[in-house]
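Summary of structural features
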Amino acid sequence: MALIVAAQFQASMALMIAAITLCAVAVGLGYRGSLQVVNQIAPEDRRAEVVSAYFICGFLGNALPVIGIGVILTLASPRLASIVFAAMIAAFAVIALGFGLKYRPTKSGTPR
């Protein structure tokens with residue numbers, strides 16, 4: 001996210017392409033890993049329901065920030081909107097990392 005904001009401030013298309021590529025790889029790996037965890041922890045007889053709920057949350061997680069950026073843009077500049085968006089994404093990443101560390105599996109394979 002920092003690279004995307006930097007690309008916007010520097011008006012650099014090359015930096016923007018590099019930043020978006022890096023973000024796309026990170027998001028793809030994040031979705032793949034989190035879906036794997038969901039499939040591992042979901043009971044077999046309820047797996048379809050749990051995965052469906054996962055995708056609904058994922059799609060909301062993709063849509064709500066875009067709507068939020070639109071709201072911020074009506075009140076502030078595009079640069080401020082980008083900074084607020086990047087800060088929120090960074091905060092959510094730190095929160096997710098905290099949960100990941102708290103509930104990471106032990107050596108026996110079960111969550112803590």
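For the structure, see preceding data.
Residues numbered from 1 in each chain as written. Predicted model: local features only at pLDDT ≥ 70, side-chain atom pairs only at ≥ 80, totals over all residues. Heavy atoms only, no water.

Turning next to unusual backbone geometry. Unlike most non-glycine residues, A11 shows phi in positive territory, near 55 degrees. Residue placement: A11 occurs in the loop between α1 (2-10) and α2 (13-41). By relative accessible area, A11 is classed as exposed at 69%. (Helix = DSSP H or I, 4+ residues; strand = E, 2+ residues; numbered from the N terminus. Buried < 20%, exposed > 50% of the residue type's maximum accessible area, 1.4 Å probe, protein only.)

It is worth spelling out the packing of α2 against helix α3 (residues 47-75) at this point. Direction vectors running N to C along α2 and α3 enclose 150 degrees, while the axes themselves pass 10 Å from each other. Relative to α3, the element α2 is oriented roughly antiparallel. The element α2 and its partner α3 pack so that their crossing is right-handed. From α2, Y31, S34, L35, V38 and N39 reach across to α3, where they touch R47, V50, V51, Y54, F55, G58 and N62. (Axes fitted to C-alpha atoms, helices over the stretch in contact; angles between N-to-C directions. Parallel < 35°, antiparallel > 145°, perpendicular 65-115°, else oblique. Left-handed = near helix turned anticlockwise from the far one by under 90°. Contact = heavy atoms within 4.5 Å.)

Moving on: a nonpolar patch on the surface. On the surface, a nonpolar cluster with roughly 630 Å² of combined accessible area is contributed by I56, L60, L64, I67, V71 and L75. Along the chain, I67 falls in helix α3. By relative accessible area, which is 54% here, I67 ends up exposed. (Patch = residues over 30% accessible without salt bridge, like charges linked within 9 Å, V, L, I, M, F, W, Y side chains within 5 Å. Areas by Shrake-Rupley, 256 points an atom, 1.4 Å probe, with all protein chains shown as cover. Salt bridge = Lys/Arg side-chain N within 4 Å of Asp/Glu carboxyl O.)

It is worth spelling out the packing of α3 against helix α4 (residues 78-102) at this point. α4 packs onto α3 with a crossing angle of 145 degrees between their chain directions and a minimal axis gap of 9 Å. The interaxial crossing formed by α3 with α4 has right-handed handedness. Here P65, I69, I72 and L73 of α3 come into contact with α4, specifically with P78, A81, V84 and F85. Classifying every residue of the contact of α3 with α4 gives eight nonpolar, no polar and no charged. (Nonpolar A, V, L, I, M, F, W, Y, C, P; charged D, E, K, R; others polar.)

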